Amino acid sequence: MEAVLGIDVGGTSIKAGLFTTEGELLEERKIPTPALVNDEAYAQVIEGLGRILAAHDASAEDVVACGLDIPGPVADDGTVGLLANIELDPDGFVGALTAAFPHATVAFVNDANAAALGEMWAGVARGVSSYVLIALGTGVGAGIIVNGKLIAGAFGAGGELGHITVNRKEELVCGCGRRGCLEQYASAQGIVRLYLEECEKRGVKPVEVEHATDTLSVFRALAGGDECAKIAVHQMCDYLALAMSQVSCIVDPEMFLIGGGVAGAFATFAPELRKRFAEYALKPCRDARIEAASLGNQAAMYGCAYEALRLREANAAKA
């Protein structure tokens, strides 16, 4: 069989999927790993991948494509930028994978971009040529697909939707060093902050919030009629819709997909988000659909596998 591997690289473990070339997920496993910076760590991952292959009567020789997604910028030429949240030696890891899987094309892709590609390959965006996936999680990222092509950008910053300025009067500094970024309002941390600030402003006791990204408690409060939660979610939708309307003026997507952890509450805030987008968007862009992403936390794993497969096909066409 021709096998494709998708490796979702996290801080303490990787999530690895074995796929057919048609996009069928045969198996998914987590492989605990230390920092991916030396031969011992690489060997641990490769051993884990070998066990997945063996469980399906496949070998290293059968792997034709191997994709990795990482939480950091990856430029058009495959160059990996700053990796703030993981310890990874990209060149060393790719070298180890190339040696272990001699027939495989190896590709790196940013995690949000990978999620967008995953939805194209096996999710709700199948058959859609131009769309934007917005991942609302600890931060805000996006994957932009135009005419079937991923827009990574010259420096890997294509899709950094979380750092579109939506509030020039903001005094708090974003993690990027600027102010008023979408991420400060539409991320999980941003939603919780907006809620707690509104409670403090009104002098009311907030519901118990377990941690800085506990949006579940905020949305539960909203369902219970909490006025401060209502205002926080309204602000989130307002800023998010504003950013989406600006993106529409540039790439005019057919569809926006909302993914990430916050998307678990999509049904709750979708009507407000759609309403605000219709108010802000340029008239020709207002018909863009706004839907929930369908692959959940597997999307990036699907997408990086697909990108490696697409790169293999592109290389074959050039040969």
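Note that the structure is predicted; figures quoted are calculated from it, not measured. (Residues numbered from 1 in each chain as written. Predicted model: local features only at pLDDT ≥ 70, side-chain atom pairs only at ≥ 80, totals over all residues. Heavy atoms only, no water.)

Engineer: So, the pairing of strand β7 (residues 140-146): which residues are in play, and what are the values?
Structural biologist: With six of seven residues buried, β7 is to be regarded as a mostly interior element. Both strand β6 (residues 131-136) and β7 contribute to a ladder of six bridges, which runs antiparallel. In the strand pairing of β7, I134 is matched with A142. Note that β7 and strand β8 (residues 149-150) share two bridges and pair antiparallel. (Buried < 20%, exposed > 50% of the residue type's maximum accessible area, 1.4 Å probe, protein only. Helix = DSSP H or I, 4+ residues; strand = E, 2+ residues; numbered from the N terminus. Pairing = 2+ DSSP bridges.)

Engineer: How would you explain the packing of helix α1 (residues 39-54) against helix α2 (residues 90-100) if you had to name every residue and give the values?
Structural biologist: Contact pair α1 / α2: the axes reach a minimum separation of 10 Å and the direction vectors enclose 40°. As judged from the angle between their axes, α1 and α2 are oblique. Here α1 and α2 pass one another in a crossing that is right-handed. Across the interface between the two elements, Y42, V45, I46 and L49 of α1 pack against G92, F93, A96, L97 and A100 of α2. Grouping the amino acids of the contact of α1 with α2 by side-chain chemistry returns eight nonpolar, one polar and no charged. (Axes fitted to C-alpha atoms, helices over the stretch in contact; angles between N-to-C directions. Parallel < 35°, antiparallel > 145°, perpendicular 65-115°, else oblique. Left-handed = near helix turned anticlockwise from the far one by under 90°. Contact = heavy atoms within 4.5 Å. Nonpolar A, V, L, I, M, F, W, Y, C, P; charged D, E, K, R; others polar.)

Engineer: I'd like a description of the pattern of salt bridges, backed by residues and values.
Structural biologist: Under the counting rule described, the total for this entry stands at twelve salt bridges. As a salt-bridge pair, E27 and R29 come within 2.3 Å of each other at their nearest N and O atoms. Overall, the relative accessible area of 18% leaves E27 in the buried class. Residue classification places R29 among the partly exposed positions, given a relative accessible area of 29%. (Salt bridge = Lys/Arg side-chain N within 4 Å of Asp/Glu carboxyl O.)

Engineer: Talk me through the sheet that holds strand β2 (residues 13-19); I want residue IDs and the actual numbers.
Structural biologist: Spatially, five strands are ordered β3-β2-β1-β4-β5 in an open sheet, and the strand pairing comes out mixed. Either end of the sheet is taken by a strand with one partner, and the two such strands are β3 (25-32) and β5 (105-110). Each strand of the sheet is rotated relative to its neighbour by a mean of 20°, with strand direction disregarded. Across six bridges, strand β1 (residues 3-9) lies against β2 in antiparallel orientation.

Engineer: Give me the lowdown on unusual backbone geometry, citing residues and values where you can.
Structural biologist: Positive phi, normally seen in glycine, also occurs at D57, with a value near 55°. Relative to the elements of secondary structure, D57 occurs in the loop between α1 and β4 (63-70). If you check the backbone angles, N147 has positive phi at about 50° while not being a glycine. You can see N147 is positioned in the loop between β7 and β8. Given the relative accessible area of 65%, N147 is considered exposed.

Engineer: Give me the lowdown on the sheet that holds strand β9 (residues 255-259), citing residues and values where you can.
Structural biologist: Taken together, five strands build an open sheet; the order of strands is β8-β7-β6-β9-β10 and the sheet is mixed. Each edge of the open sheet carries a strand with a single partner, namely β8 and β10 (289-292). This element, helix α7 (residues 227-251), spans β6, β7, β9 and β10 of the sheet and lies at about 155° to β6. Sitting on the sheet, helix α8 (residues 266-280) touches β6, β9 and β10, and the angle it makes with β10 is about 165°.

Engineer: Now, about the packing of aromatic side chains: what can you tell me, with residues and values included?
Structural biologist: Tallied over the entire structure, the rule returns nine aromatic pairs. Ring geometry for W121 and Y302: centres 6.3 Å apart, planes at 75°, overall edge-to-face. Residue W121 is located in helix α3 (residues 111-122), and its partner Y302 is located in helix α9 (residues 299-318); the two are separated by 181 residues in the primary sequence. Since its relative accessible area comes to 9%, W121 is described here as buried. Taken together, the ring pairs connect F19, W121, Y302 and Y306 into an aromatic cluster. (Phe/Tyr/Trp six-rings, centres within 6.5 Å; stacked < 30°, edge-to-face > 60°.)

It is worth stressing that arrangement in space is one thing and function is another; only the former is reported here.
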